[in-house]
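Chain by chain, the residues:
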Amino acid sequence: MADMVTLTIDGRRVTAAAGTTILDAALDANIEIPNLCSNDELHPYGACRLCMVEITHKKRQRLVVSCIHEVAEGLDVKTSTERVLNVRRLVMHLLLSRNSTHPRLRELAAELGIERSMFTVDFKGCILCGQCVRVCREVVGVAAIGFESRGDTRAVATPFNEAPADCIACGSCHYICPVGVIPMEEQDGVRRIWKTDFPMAKCTICGKYFAPVKQLEYFRKIANLPEDHFDTCVDCRSTKK
Ligand code: SF4
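From a predicted model like this one, the values you see are computed outputs, not experimental measurements.

Turning our attention to the overall build of the protein chain. Secondary structure assignment for the protein chain yields 7 helices and 11 strands. Each principal axis of the C-alpha distribution contributes one length, and for the protein chain these read about 65 × 50 × 30 Å. When contacts within the protein chain are restricted to residue pairs at least 6 apart in sequence, those whose partners lie at least 24 apart make up 49%. Of the accessible surface of the protein chain, which amounts to about 13,900 Å², a share of 50% is contributed by carbon and sulfur atoms. One way to put it: in the protein chain the 31 positive side-chain charges average out to a point 3 Å from where the 30 negative ones average out.

All right, on to the packing of helix 2 (residues 82–98) against helix 3 (residues 103–111) then. Contact pair helix 2 / helix 3: the axes reach a minimum separation of 10 Å and the direction vectors enclose 150°. Relative to helix 3, the element helix 2 lies roughly antiparallel. For helix 2 against helix 3, the interelement crossing comes out left-handed. Contact residues: Met92, Leu95 and Leu96 in helix 2; Leu105, Leu108 and Ala109 in helix 3.

So, on to the domain arrangement of the protein chain. Each assigned domain of the protein chain is listed here: domain 1 (4–111) and domain 2 (131–240). Distance from the C-alpha centre of domain 1 to the C-alpha centre of domain 2: 32 Å. Contact with domain 1, which involves 13 residues of that partner, is made by 12 residues of domain 2. Between domain 1 and domain 2, a total of about 1,000 Å² is buried, with carbon and sulfur atoms accounting for 48% of that surface. Three residues stand out in domain 1 for area buried against domain 2, namely Leu42, Tyr45 and His102, and they jointly supply 47% of the buried area on that side. Between domain 1 and domain 2 we count 0 salt bridges in total. Our enumeration of links across domain 1 and domain 2 arrives at 7 residue pairs in polar contact (both at pLDDT 80 or more).

Another aspect to go through is helix 4 (residues 131–140). Counting buried residues along helix 4, 7 of its 10 residues qualify, which places the element largely inside the surrounding structure. Taken as a whole, helix 4 has its buried residues at Gln131, Cys132, Val133, Arg134, Val135, Cys136 and Val140. Where helix 4 is buried, its residues meet strand 6 (146–148), strand 7 (155–157), helix 5 (172–176) and helix 6 (213–222). Gly141 lies just past helix 4 and shows a positive phi near 90°.

Moving on, we come to the site of the ligand. Around the ligand, the surrounding shell holds 13 residues, and the nearest of these are Cys136, Cys167, Cys170, Gly171 and Cys173. The residue makeup of the shell around the ligand, split by class, is 11 nonpolar, 2 polar and no charged.

The next point concerns unusual backbone geometry. In this structure, Lys59 is a non-glycine residue whose phi angle is positive, near 65°. One non-glycine residue with positive phi stands out, namely Trp194, at about 50°. With respect to the helices, strands and loops of the structure, Trp194 is situated in the loop between strand 9 (190–193) and strand 10 (196–202).

Quick look at the pattern of salt bridges now. Per the stated rule, a full pass over the model turns up 12 salt bridges. Across the salt bridge formed by Asp235 and Lys208, the nearest N and O atoms sit 3.5 Å from each other. Of the two residues, Asp235 sits in helix 7 (residues 234–240) while Lys208 sits in the loop between strand 10 and strand 11 (209–212), which places them 27 residues apart along the sequence. Several salt bridges share partner residues, and in doing so they unite Glu217, Arg220, Lys221 and Glu227 into one network.

The grouping of Leu90, Leu94, Met118 and Phe119 at the surface amounts to a nonpolar patch, some 370 Å² of accessible area in total. With respect to the helices and strands, the residue Phe119 is situated in the loop between helix 3 and helix 4. On the basis of relative accessibility, which here comes to 31%, the residue Phe119 falls in the partly exposed class.

What follows deals with the packing of aromatic side chains. Scanning all chains against the criterion turns up 2 aromatic pairs. Ring centres of Tyr45 and Phe147 lie 6.3 Å apart, and the angle between their planes is 5°; this geometry places the pair in the stacked category. Within this pair, whereas Tyr45 is found in the loop between helix 1 (22–28) and strand 3 (52–57), its partner Phe147 is found in strand 6, the two being separated by 102 residues in sequence. Note on Tyr45: relative accessible area 31%, which makes it partly exposed.

Cut-off values and rules
- Residue numbering note: each chain is counted from 1, following its sequence as written.
- Thresholds applied to this predicted model are a pLDDT of at least 70 for local features of residues and 80 or more for the giving and counting of side-chain atom pairs; totals over whole chains, interfaces and linings are not thresholded and use all residues.
- Remark: hydrogens and water are excluded; side-chain values derive from all non-hydrogen atoms of the structure.
- Comment: elements are numbered from the N terminus, with helices defined as DSSP H or I runs of at least four residues and strands as E runs of at least two.
- Throughout, a contact is declared for two residues whenever any of their heavy atoms are within 4.5 Å.
- Residue exposure ignores everything except the shown protein chains as possible cover, and the areas themselves are Shrake-Rupley values with a 1.4 Å probe.
- Positive: Lys, Arg. Negative: Asp, Glu. His and the chain ends are not part of the count.
- Charged side chains are reduced to one point each, which is NZ for Lys, CZ for Arg, CG for Asp and CD for Glu.
- Only C-alpha atoms enter the line fits that serve as axes; for helices the fit covers just the stretch in contact. Angles between N-to-C directions range over 0 to 180 degrees.
- In this scheme, roughly parallel covers angles under 35 degrees and roughly antiparallel covers those over 145, while 65 to 115 is roughly perpendicular and the rest are oblique.
- With the far helix as reference, a near helix turned anticlockwise by less than a right angle produces a left-handed crossing, and one turned clockwise produces a right-handed crossing.
- The split of the chain into domains comes from an automatic or database domain assignment.
- Note on terms: buried area is the combined drop in 1.4 Å-probe accessible area of two parts once they are placed together, counting the loss on both.
- Any carboxyl oxygen of Asp or Glu that lies within 4 Å of a side-chain nitrogen of Lys or Arg is treated as forming a salt bridge with it.
- Pairing of N or O atoms within 3.5 Å defines a polar contact, subject to two protein rules: one partner must be a possible hydrogen donor and the other a possible acceptor, and residues neighboring in sequence count only if both atoms are side-chain atoms.
- Type-normalised accessible area, obtained with a 1.4 Å probe on protein chains alone, sets the label of each residue: buried when under 20%, exposed when over 50%, and partly exposed for intermediate values.
- Any residue with at least one heavy atom within 4 Å of a molecule or strand is counted as near it.
- Following the grouping adopted for this structure description, the nonpolar residues are Ala, Val, Leu, Ile, Met, Phe, Trp, Tyr, Cys and Pro, the charged ones are Asp, Glu, Lys and Arg, and the polar ones are all others, Gly among them.
- Nonpolar side chains (Val, Leu, Ile, Met, Phe, Trp, Tyr) within 5 Å and like charges within 9 Å form the patches, drawn only from residues with over 30% relative accessible area and no salt bridge.
- Stacked, tilted and edge-to-face are the three classes applied to pairs of Phe, Tyr and Trp rings, where Trp contributes its six-membered ring and a pair requires centres within 6.5 Å; stacked means planes under 30 degrees apart, edge-to-face means over 60, and tilted covers the rest.

Listed below in structure tokens is the structure:
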């Protein structure tokens, strides 16, 4: 069994397993800390910086990013001091300068009393949380996309901005994006994502297009399934048996 540690969050005693992040310990104790880039299925990344909290440990006080900072015995955490809120507001102004329309972002901004960004930059909506890059690498296992450039021009992109050779068109990056800026569409048996067209497989029984050929081929290989395993869609496969 994991070692347990006791800490204080906003004056409440909380017990958590050693190695737990402050964010997870707080959320498990029903103490809200706003966050955008955290996802239970992915490794913590600390990208959006919204989950900043103030900690006091061994008489030393400082701000930390709670999704990547682990709990410790005797840690005193404050989730909404004036110092924390000031940093969070600045972070929110920066996030809104990248995406001023997304409902979740606007909702979190309103909670901080912010209506619009004090900055005027517009980077077409991506808030650089990195969930798409992480899901592709950590869950799908292909690492077809990544970050390019730095500073103002940092962006998520395919290698050399060309058609992504390793992409299997699974759509995980599209579904996980918290601000909905990775377009994906399907038409006439083709799924389009990352400006690339991927042919879809057609069910040999009902004739419905059901998944990208490349994705099925990838799953078939890693699971060592027979050649004809994905000839039919899920619905027809269950009636076939
Ligand atoms: S659609 Fe392509 S880039 Fe997106 S998660 Fe799947 S493999 Fe990665």
